[in-house]
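Given next are the chains, with one letter for each unit.
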Amino acid sequence: TISILAGGWSAKPLDKSKLPGLIIGVNDSAVHARCDIAISMDRLWTENRWANLQALGSMRRIAYIREAALKNIPARPSWLHPFHCDHTLAELSDDRRTLNGTNSGLCALNLAYQMFPKRIILFGYDMCRGPNNEAYWWPSEYPWARPGGGTGNKRYSEWAGQFARAQEQCKAQGIEVLNASK
């Protein structure tokens, strides 16, 4: 089993210490919860959380970061695994150097898919804002984002529809995908 912990608001009440199997943390989920692997395709996130990533690396955790998001990061420590990404595709890649997706959550699903588990469980994949307009399960917006900014419902709706093809690909490989999000 691989658990993927994304940022959606519904993950807030979960006891994140009890997520089963290998845990992949998407963006700040890797900073705010125990995760075995951090992943992001986002340049601003990578640059603003580089110190956090270095701390995770010192704890023998690994990070998968999109190559384009590393353009201002000169270091390439051993715990860092840069990946190529066609950010216009929702088609999962079989190439171990490529994790496709239009968002970091889809890239995380591509990584899990390449590990060929029996089951992938998605947490915090809400694809909408919460009942109080909250975007994330952690307590605050990203400090570098404009106030009230971030992903809106139109983009969430686009992203949600893109998971259908990934689901088909996982099913064809005998991988069960469960969305444990609201």
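How each quantity is defined
- Starting afresh in each chain, residues are numbered from 1 along the sequence in its written order.
- Predicted model: local features are reported for residues with pLDDT of at least 70 only, side-chain atom pairs are reported and counted for 80 or more only, and whole-chain, interface and lining totals are derived from all residues.
- For the side-chain quantities, the full set of heavy atoms in the structure was used; hydrogens and water were omitted.
- Strands here mean DSSP runs of E at least two residues long; helices mean DSSP runs of H or I at least four residues long; both are numbered from the N terminus.
- Buried means the residue's accessible area, taken with a 1.4 Å probe over protein chains only, is under 20% of the maximum for its type, while exposed means over 50%, and partly exposed covers the values in between.
- Only the protein chains shown count as cover for residues, and the accessible areas themselves come from Shrake-Rupley with a 1.4 Å probe.
- DSSP-based pairing: two strands are paired if at least 2 bridges between them are found.
- The term salt bridge refers to a side-chain nitrogen of Lys or Arg lying within 4 Å of a carboxyl oxygen of Asp or Glu.
- Counted as a polar contact is a pair of N or O atoms within 3.5 Å, where, for protein atoms, one must be capable of donating a hydrogen and the other of accepting one, and residues adjacent in sequence contribute only when both atoms are in side chains.
- Pairs of residues are marked as contacts when any of their non-hydrogen atoms sit within 4.5 Å.

Trainee: So what's going on with the overall build of the chain? Residues and values would help.
Mentor: Secondary structure summary: the chain contains five helices and seven strands in total. Reading the helices (α) and strands (β) of the chain from amino to carboxyl end gives β-β-α-β-α-α-β-β-α-β-α-β. Each principal axis of the C-alpha distribution contributes one length, and for the chain these read about 40 × 40 × 35 Å. Counting across all 182 residues of the chain, residues that qualify as buried make up 51%. Of the accessible surface of the chain, which amounts to about 9,200 Å², a share of 50% is contributed by carbon and sulfur atoms.

Trainee: Which residues make up the pairing of strand β4 (residues 62-66), and what values do they have?
Mentor: In terms of burial, β4 is largely enclosed, as four of its five residues are buried. Two strands pair when backbone bridges link them, and strand β3 (residues 37-40) and β4 are joined in this way by four bridges, in the parallel orientation. Bridging from a neighbouring strand, Ile37 pairs with Ile62 of β4.

Trainee: An account of the pattern of salt bridges is needed here, citing residue identities and associated values.
Mentor: Considering all chains together, one arrives at nine salt bridges under this definition. Put simply, Asp15 and Lys18 hold a salt bridge, and the shortest N to O gap is 3.9 Å. A relative accessible area of 64% means that Lys18 is categorised as exposed. For Glu168, the salt bridge goes to Arg165, with nearest N and O atoms at 3.2 Å. Taken together, the residues span about one helical turn, with Glu168 and Arg165 both in helix α5 (residues 153-172) at a distance of three residues. In this structure Arg165 comes out as partly exposed when scored by relative accessible area, which is 34%.

Trainee: So what about the side chain of Ser10? Which residues, and what values?
Mentor: Topologically, Ser10 is positioned in the loop between β1 (2-5) and β2 (22-26). Overall, the relative accessible area of 9% leaves Ser10 in the buried class. Side chain to side chain, Ser10 and Asp126 meet in a polar contact 2.5 Å long. What Ser10 contacts, discounting residues up to four positions off in sequence, is Gly124, Asp126, Ser181 and Lys182.

The values reported here are purely geometric and, on their own, carry no functional implication.
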